[in-house]
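Listed here are the chains, written in short residue letters.
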Amino acid sequence: MRMRSVLATVTAGLAAATCVTAAAPADAHSGKAPGVHACSPAVSITSYSDALDKTTYDGTFVGNLSALAVDHGGRIAALSDRSSLFTLDRETLKPTSVVNLVDEKGAVLDSEGLAVDGDGTRLVTSETEPSVRRYECDGTLVGSLPVPDALKVAPAGRATSNLTFEGLTLLPGGHTLLAAMEGSLSGDTAGIVRFQTWDRATRQGDFRLSAQYGYRTDTRLGVSEAQATPDGRLLVLERGFTAGVGNTVRLYLADLRHATDTRRVDTLTGQEGVRLARKTLLADLVNCPSLGARAKQPQPNPLLDNIEGLRITGRTPDGRLRLLLVSDDNQNAVQTTRLYSLSVRLPHTVNG
């Protein structure tokens, strides 16, 4: 939303996350964290980089970044919500290529979510309808997935424009795709959002609509990203902005295993008998050390900005998950395109 080395051959989705170790951002504009810099008992920050801020590549502005994915070979794919899809070098995290994406009529997308499938094609969400489309590496559109009527933007459905498919992730094995709505549907209680899934019978078969789940966000926050963990749970970024104060960004671990399939539940009000996804707070990023970062506008921690993208890029030697996050600068002079390297140790169970 606009407010806001390689250990083995990489496969799609979460399989890639267990194989790839992406280098931390490193340059003259980086904050370094040579030791453990805890944001919470579960999460630590290693470094950040502003090297991409207000830069261009091949005539294209490098910013408005809303999603990240691990591509084959360990490269990082970075998606702009202005329809540009960048490939970043896995060590320097600087752009090495860019393609521009369009819809069936040649119009640009409000592109927000990104996943790389096992065959290398890119699955990309757009908030406009919303939609999930599949593209070849060169940007050629090859198809789209069905979307439930209720999740479409009004008047076609009950969703609010610019509050639809913000996160996208393939679950382990690559057979299930999940898209996270940023905001609530009309009729659902404010703060309860829907996660839609698609399944396929074969590894590279067509996706078909499958289960849907409810997830409750914190007050005044929306979902900006969802990333499947190797054990099938979800890392969920919740994000909000308050003028004159700055951003709130919280990292949660969500578990869908005991959640109700809500695709036939017309309204979600927290009613008895409908179990929402369980979630556990891993870190409120306001508590991370700032590492010397500077903010261009008021922030409760100068490290913070409009963080929208998150991907698992590998593991640390002690088994923690390596995370790469990115903020969307909205091509705004007082916001920053910033990359963050974090690590997280997941709890074995999710509290109710």
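Residues numbered from 1 in each chain as written. Predicted model: local features only at pLDDT ≥ 70, side-chain atom pairs only at ≥ 80, totals over all residues. Heavy atoms only, no water.

Draft legend 1. Looking closely at the overall build of the chain. Secondary structure assignment for the chain yields one helix and 23 strands. For the chain, the residues scored as buried account for 59% of the 352 residues in total. Total accessible area computed for the chain in this model is approximately 13,500 Å², and 51% of it derives from carbon and sulfur atoms. (Helix = DSSP H or I, 4+ residues; strand = E, 2+ residues; numbered from the N terminus. Buried < 20%, exposed > 50% of the residue type's maximum accessible area, 1.4 Å probe, protein only. Areas by Shrake-Rupley, 256 points an atom, 1.4 Å probe, with all protein chains shown as cover.)

Draft legend 2. Highlighting the sheet that holds strand E7 (residues 84-88). Pairing within the open sheet is antiparallel, and its four strands lie in the order E5-E6-E7-E8. Since the sheet does not close on itself, it has two edges, and those belong to strand E5 (65-70) and strand E8 (95-100), each with one partner. The mean inter-strand angle of the sheet, taken between neighbouring strand axes irrespective of direction, is 20°. With five bridges joining them, E7 and E8 adopt antiparallel strand pairing. Along E8, the bridge assignment pairs Leu88 with Pro95. (Pairing = 2+ DSSP bridges. Axes fitted to C-alpha atoms, helices over the stretch in contact; angles between N-to-C directions.)

Draft legend 3. Structural view of the state of the cysteines. Taken as a whole, this structure holds one disulfide when the rule is applied. One disulfide bridge connects Cys39 with Cys288, the sulfur atoms lying 2.0 Å from each other. Its S-S torsion of about 105° marks the bond between Cys39 and Cys288 as right-handed, since a negative value means left-handed. A residue pair is termed long-range when its members are at least 10 positions apart, and Cys39 in the loop between strand E1 (30-32) and strand E2 (43-49) and Cys288 in the loop between strand E20 (278-284) and strand E21 (307-315) qualify at 249 residues. Since its relative accessible area comes to 5%, Cys288 is described here as buried. (Disulfide = S-S within 2.5 Å.)

Draft legend 4. Just the sheet that holds strand E18 (residues 234-242), in detail. Pairing within the open sheet is antiparallel, and its four strands lie in the order E17-E18-E19-E20. Edge strands, defined here as strands with exactly one partner in the open sheet, are strand E17 (222-228) and E20. The sheet shows a mean angle of 25° between the axes of neighbouring strands, direction not considered. Strand direction decides the pairing type here: E17 and E18, joined by six bridges, are antiparallel.

Draft legend 5. Quick peek at the packing of aromatic side chains. For the coordinates displayed, the defined rule picks out two aromatic pairs. Considering the side-chain rings of Phe165 and Trp198, the 5.9 Å spacing of their centres and the 80° angle between planes classify their relative orientation as edge-to-face. You can see Phe165 sitting in strand E13 (residues 165-170) and its partner Trp198 sitting in strand E15 (residues 192-199), a full 33 residues away along the chain. Summarising the burial analysis for this pair, Phe165 and Trp198 share the class buried. Sitting above the plane of the Tyr252 ring, Lys279 keeps its charged end 4.1 Å from the centroid. (Phe/Tyr/Trp six-rings, centres within 6.5 Å; stacked < 30°, edge-to-face > 60°. Lys NZ or Arg CZ within 6 Å of the ring centre and 35° of its normal.)

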